[in-house]
Amino acid sequence: MTDKWMEIKVCVPVACADVLCHELYELGSVGVVVEERQLDTFVPPDPDETDSDMFTIKAYFDEDLPAAQRVASVEGCLKRLAEFFPDLGAVDVGVADIGQQDWAEGWKQHFQATRIGARLVIKPSWEEFSGQDGDVVVTLDPGMAFGTGTHGTTRLCLETLAALFDGGEAIHHVLDVGTGSGILAIAAAALGAERVVACDIDPIACETARENCVLNEVIDRVEVTDRLLEELTGTYDVVLANILAEENIRLAQALIDRVRPGGVLILSGILEEKVSLVTTAFSTLGLNAPDLFYDEEWACIQYRLGH
Ligand SMILES: C[S@@+](CC[C@H](N)C(=O)[O-])C[C@H]1O[C@@H](n2cnc3c(N)ncnc32)[C@H](O)[C@@H]1O
């Protein structure tokens, strides 16, 4: 198997995406990825991107053709397609060499031990870490699931959660909606929660979260479940939901119902531009005056429920 790949990247109108994918396979591509922004919403929008009717297509080639020749073959293909799709226009063909290592494991380079607040440290399972006395170290192997602490949405939740614990808040029971790798649930247990329920609609995430709970020796206090939020009962001192703005809105009442009187609701996964959408929806359900925290383009909304 080759350890070098050539990535060809083009941005084309939605209408011709399928045909182009087919053509790229015909040209010998071993894998084609279509990036549809609406489906990949934990990636912030590119400020230069004005047309949401465009898809980015990445095709991978494993043969040793010189880059100029590969680009020319794709340009030829686009030219032929332009006869059928007048909207295609002039398309830039990007090319990059990527190693096998980059493709499968590249993200690991960005995941290093990270300190959150005064005590909490998140570290990858493959890294040694010698902390200070009193450190609460969470060890993670996210596998295919989302959640290393390097993404702004996760970092905001961890910071908000750690600040509550560090501020002396009585946190016994925590609910983590959309647990991914289990990072927030495990952090809550490691910081002192007695019982945590972590749910996710993705079975792979549930499996990964369970493995990470075992790794961190908190599996006796964290219940990982694929049950829907709407099926859960009881109330919690803190409810965390790092899901998208739209999903937070859709689940607003169910989220509020799981917070005990006087408890805290932490919503994340919200692009800055969608904050008012979320706060408006929650205000119709009686929640107002949230604390807002930002990390680059991401926002985290914290509500304190009334007694
Ligand atoms: C951005 S990840 C968050 C992972 C982790 N909690 C973190 O903060 O890094 C969102 C997760 O929510 C899950 N999810 C999305 N909608 C959900 C829903 N309605 N109920 C439960 N899980 C959901 C996804 O499968 C995904 O694992």
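Bear in mind that the values here come from a model prediction, so they are computed numbers and not experimental data.

Parameters at a glance
Residues numbered from 1 in each chain as written. Predicted model: local features only at pLDDT ≥ 70, side-chain atom pairs only at ≥ 80, totals over all residues. Helix = DSSP H or I, 4+ residues; strand = E, 2+ residues; numbered from the N terminus. Pairing = 2+ DSSP bridges. Axes fitted to C-alpha atoms, helices over the stretch in contact; angles between N-to-C directions. Domains from an automatic or database assignment. Parallel < 35°, antiparallel > 145°, perpendicular 65-115°, else oblique. Left-handed = near helix turned anticlockwise from the far one by under 90°. Contact = placed C-beta atoms within 7 Å.

Trainee: Quick question: what am I supposed to make of the environment of Gln 69 here?
Mentor: With respect to the element layout, Gln 69 can be found in helix α2 (residues 67–82). C-alpha of Gln 69 to C-alpha of Leu 232: the two residues are 163 residues apart in sequence and 57 Å apart in space.

Trainee: What am I meant to see in the sheet that holds strand β6 (residues 120–124) here?
Mentor: The pairing of strands in a sheet happens through backbone hydrogen bonds and is either parallel or antiparallel. With respect to topology, three strands assemble into an open sheet ordered β5-β6-β7, the strand pairing being mixed. Only two strands of the sheet have a single partner each, and these edge strands are β5 (114–116) and β7 (136–140). With direction set aside, neighbouring strand axes in the sheet form an average angle of 25°.

Trainee: Can you help me understand the pairing of strand β13 (residues 291–295) in this one?
Mentor: Successive side chains on a regular strand alternate, one facing one side of the sheet and the next facing the other. Pairing of β13 with strand β14 (residues 298–304) involves five bridges; the strand directions are antiparallel. Bridging from a neighbouring strand, Asp 295 pairs with Trp 298 of β14. If you look at the hairpin formed by β13 and β14, you'll find two residues sitting between the two strands, and Glu 296 has a positive phi there, around 50°.

Trainee: Sorry if this is basic, but what is going on with the domain arrangement of the protein chain here?
Mentor: One frequent convention defines the size of an interface as the accessible area lost when the parts assemble. When cut into domains, the protein chain gives domain 1 (4–105) and domain 2 (152–304). Put simply, the middle of domain 1 and the middle of domain 2, counted by C-alpha atoms, are 36 Å apart.

Trainee: Looking at this structure, how should I read the packing of helix α4 (residues 152–166) against helix α5 (residues 183–191)?
Mentor: Between two packed helices, what matters for the description is the angle formed by their axes and the separation of those axes. For the pair α4 and α5, interaxial distance at closest approach is 10 Å and the crossing angle is 15°. Classed by the angle they form, the pair α4 and α5 counts as roughly parallel. Every pair of crossing elements has a handedness; the one defined by α4 and α5 is right-handed. For the pair formed by α4 and α5, the contact residues are Thr 154, Cys 157, Leu 158, Leu 161, Ala 162 and Phe 165 on the first element and Ile 183, Leu 184, Ala 187, Ala 188 and Leu 191 on the second.

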